[in-house]
Amino acid sequence: MSDHHLTVVDHPLVQHKLSIMRDKDTSTSQFRQLLREISQLLAYEVTRNLTMTTKQIETPMQMMDAPTLDGKKLALISILRAGNGLLDGVLELIPSARVGFVGLYRDEETLKPVQYYFKVPEGLDDRLVIAVDPMLATGNSSVAAIDLLKGAGATNIIFLCLLAAPEGIDRMKEAHPDVPIVTASVDEKLNEMGYIVPGLGDAGDRMFGTK
Ligand code: URA
């Protein structure tokens, strides 16, 4: 499913892997491995519209104008800490991308984002910026992260996540209508604690085994 603002990657491999990740009995190592695999499949989708050029090469048979990426600069921005789980897989597919980090944690009482780290590549205005965070829940931290990236000059941003709640999508649409969202699933809702349901629990805890 896709509209201008939201793309849901409903590929069977993505959905199958996601179901295993959601299962509470899936181990930390399996969870991490699946996240790595899904992020590569999502990276495939998120880079679908990269601009192409051609380069003359010689195959063993003849010369040809071969399609290549036109070298447009990319920046991957991980929204810490759970973003790192998505980052690794994406980076494997796009190894030349520059990488930045936005450190935000969610105040468990107010559910508001608190910034503790910000380090991004130079020249964001000249790059396609892919911001990654597995969970688009309330949208508070995603909106805050995009605010910071725009403040640092980014004008061409895509937000990549694994799961999104309708509430978070609405919040992002309202605050940043120019930032398309790519996700593997739009879940039912948020619970009273701000967790996505059915969801997969705390993505950071599940990938790092901290609970
Ligand atoms: N962050 C998570 O890790 N999980 C949720 O369900 C919501 C926010």
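Quick note: structure is the one above.
Conventions adopted
- In every chain, residue numbers begin from 1 and rise along the written sequence.
- Totals for whole chains, interfaces and linings use all residues, but because this is a predicted model, local features are given only for residues with pLDDT of at least 70 and pairs of side-chain atoms are given and counted only at 80 or more.
- The basis for every side-chain value is the complete set of heavy atoms in the structure, and neither hydrogens nor water enter the calculation.
- Two kinds of site are reported from a 1 Å grid over the protein atoms alone, namely cavities, where a 1.4 Å probe fits but cannot get out, and pockets, open sets with protein on both sides within 12 Å along at least five of seven lines, and residues are called lining when an atom falls within 4 Å of a point.
- Grid points are joined across faces, edges and corners, and a volume is the space filled by probe spheres set on the points.
- In this classification, the charged set is Asp, Glu, Lys and Arg, the nonpolar set is Ala, Val, Leu, Ile, Met, Phe, Trp, Tyr, Cys and Pro, and all remaining amino acids, among them Gly, are polar.
- Stacked, tilted and edge-to-face are the three classes assigned to paired rings of Phe, Tyr and Trp, where Trp is represented by its six-membered ring and a pair needs centres within 6.5 Å; plane angles under 30 degrees give stacked, over 60 edge-to-face, the rest tilted.
- Counting from the N terminus, the helices are the DSSP runs of H or I reaching at least four residues and the strands are the DSSP runs of E reaching at least two.
- Throughout this description, buried means an accessible area under 20% of the type-specific maximum (1.4 Å probe, protein chains only), exposed means over 50%, and partly exposed covers the range between.

J.: I'd like a description of the layout of surface pockets, backed by residues and values.
T.: Its boundaries defined by the atoms lining it, the largest pocket holds a volume of some 590 Å³. Ala 82, Arg 106, Asp 133, Ser 141 and Asp 202 are the residues nearest the centre of the largest pocket, which is lined by 27 residues in total. When its residues are assigned to classes, the lining of the largest pocket shows twelve nonpolar, eight polar and seven charged.

J.: Give a detailed account of the packing of aromatic side chains, specifying residues and quantitative values.
T.: Enumeration over the complete set of coordinates arrives at one aromatic pair. With a centroid separation of 6.2 Å and an interplanar angle of 35°, the aromatic rings of Tyr 105 and Tyr 116 are classed as tilted. Taken as a pair, Tyr 105 in strand β5 (residues 98-106) and Tyr 116 in strand β6 (residues 113-119) lie far apart in primary sequence, eleven residues in all. We classify Tyr 105 as partly exposed; its relative accessible area is 44%.

J.: Let's hear about the environment of Pro 121: which residues, and what values?
T.: Relative to the elements of secondary structure, Pro 121 occurs in the loop between β6 and β7 (128-132). Here Pro 121 falls in the buried class, since its relative accessible area comes to 13%. Spatially, the C-alpha atom of Pro 121 lies 9.1 Å from that of Ile 77, the residues being 44 residues apart in sequence.

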